[in-house]
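# A structural walkthrough
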Amino acid sequence: MIFTASLSFQHHRGLTALRTGLALFPAVAMTMFASVLSGRLARRTGHRPLVVTGMLLGAAGLAGWAAAGPNPAYLLLVAPMMAAGFGTSFALTGTTATVMTAAPDTYSGTASALFNTTRQVGSAAGVALGGSLLAAAGGFTTGLRISMATGAAAYLTAAALALFCIPRRASGRVAGSEA
């Protein structure tokens, strides 16, 4: 979302880089809040519900942007940006903890490196796909909406995978802490 939203604000709406950064601030602010909240909630719920909920919120945010129309007012985009920012960060905390607790202690460095590399490759692939969809569509706004809808579908797929792949909370223990 950040890549395509930046292009939208700068090239389609004519905002400066500074104003684009300010326009994206609601999404970024939500990532900070979601990280703290998800870390605290994980002790009570385990990581699976947080990851699934975060992915669903991310999907709702991107779908909301896609559904907002070809030239929506900025205020119509604030809630979808906040949902996408919150959902992404909310899911990431639990995803990271899930990966790290699944790896034996002797391989924690390798697990961390592999997870971060995979996350970066996924981000780069998302930017490439988003840019390709923008360029291939009949117009910028159509490409932007297709890009956001495709991102929403990817989040829904990730939510389904998390639902089936992340183990349920077992015996009151989550990420090395007692419940």
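Notes on the structure follow. Small disclaimer: the values here were computed from a predicted structure and weren't measured.

### Re the overall build of the chain
- Broken down by element type, the chain carries six helices and two strands.
- When the helices and strands of the chain are placed in sequence order, the string is α-α-α-α-α-α-β-β.
- For 179 residues, the compact-globule formula gives about 16 Å, and the C-alpha radius of gyration of the chain, at 17 Å, lands near that figure.
- By its C-alpha atoms, the chain is 50 × 30 × 25 Å across when sized along the principal axes.
- The contacts in the chain between residues at least 6 apart in sequence include a share of 73% that link residues at least 24 apart.

### Overview of the nonpolar core
- Counting residues in hydrophobic clusters, the biggest one holds 24 residues, and the most contacted among them are Phe9, Val51, Met55, Leu62, Trp65, Met81 and Met148.
- Looking at this core, the elements with two or more residues in it are helix 1 (2–12), helix 2 (17–45), helix 3 (48–67), helix 4 (74–102) and helix 6 (140–165).
- Among the elements that line this core, the one with the most residues is helix 3, at seven residues.
- The residues contacting Trp65, other than those within four sequence positions of it, are Ala5, Ser8, Phe9, Leu77, Pro80, Met81, Leu144 and Met148.
- Counting residues in each nonpolar core, the second largest holds six residues, with Ala34, Leu50, Phe86 and Phe90 among its members.

### Some points on the packing of aromatic side chains
- In this structure the tally under the stated criterion is four aromatic pairs.
- When the centroid spacing of 5.9 Å and the interplanar angle of 55° are considered together, the rings of Phe9 and Trp65 count as tilted. Separated by 56 residues along the polypeptide, Phe9 in helix 1 and Trp65 in helix 3 bring together distant segments of the chain.
- Phe9 sits in the buried class, given a relative accessible area of 0%.
- Look at Trp65 and you get buried, because its relative accessible area is 3%.
- With centroids separated by 6.0 Å and ring planes inclined at 40°, the aromatic side chains of Phe33 and Phe86 adopt a geometry described as tilted. Within this pair, whereas Phe33 is found in helix 2, its partner Phe86 is found in helix 4, the two being separated by 53 residues in sequence.

### So, the packing of helix 1 against helix 6
- At their nearest, the axes of helix 1 and helix 6 sit 11 Å apart, and the two run at 165° to each other. With respect to helix 6, the element helix 1 is oriented roughly antiparallel. Considering only the axes of helix 1 and helix 6, their crossing is left-handed. For the pair formed by helix 1 and helix 6, the contact residues are Thr4, Ala5, Leu7, Ser8 and His12 on the first element and Phe140, Thr141, Leu144, Ser147 and Met148 on the second.
- When its residues are assigned to classes, the contact of helix 1 with helix 6 shows five nonpolar, five polar and no charged.

Thresholds applied
- Residues numbered from 1 in each chain as written.
- Predicted model: local features only at pLDDT ≥ 70, side-chain atom pairs only at ≥ 80, totals over all residues.
- Heavy atoms only, no water.
- Helix = DSSP H or I, 4+ residues; strand = E, 2+ residues; numbered from the N terminus.
- Rg over C-alpha atoms; globule rule 2.2 N^0.38 Å.
- Contact = heavy atoms within 4.5 Å.
- Core = buried A, V, L, I, M, F, W, Y, C linked by side-chain atoms within 4.5 Å.
- Buried < 20%, exposed > 50% of the residue type's maximum accessible area, 1.4 Å probe, protein only.
- Phe/Tyr/Trp six-rings, centres within 6.5 Å; stacked < 30°, edge-to-face > 60°.
- Axes fitted to C-alpha atoms, helices over the stretch in contact; angles between N-to-C directions.
- Parallel < 35°, antiparallel > 145°, perpendicular 65-115°, else oblique.
- Left-handed = near helix turned anticlockwise from the far one by under 90°.
- Nonpolar A, V, L, I, M, F, W, Y, C, P; charged D, E, K, R; others polar.

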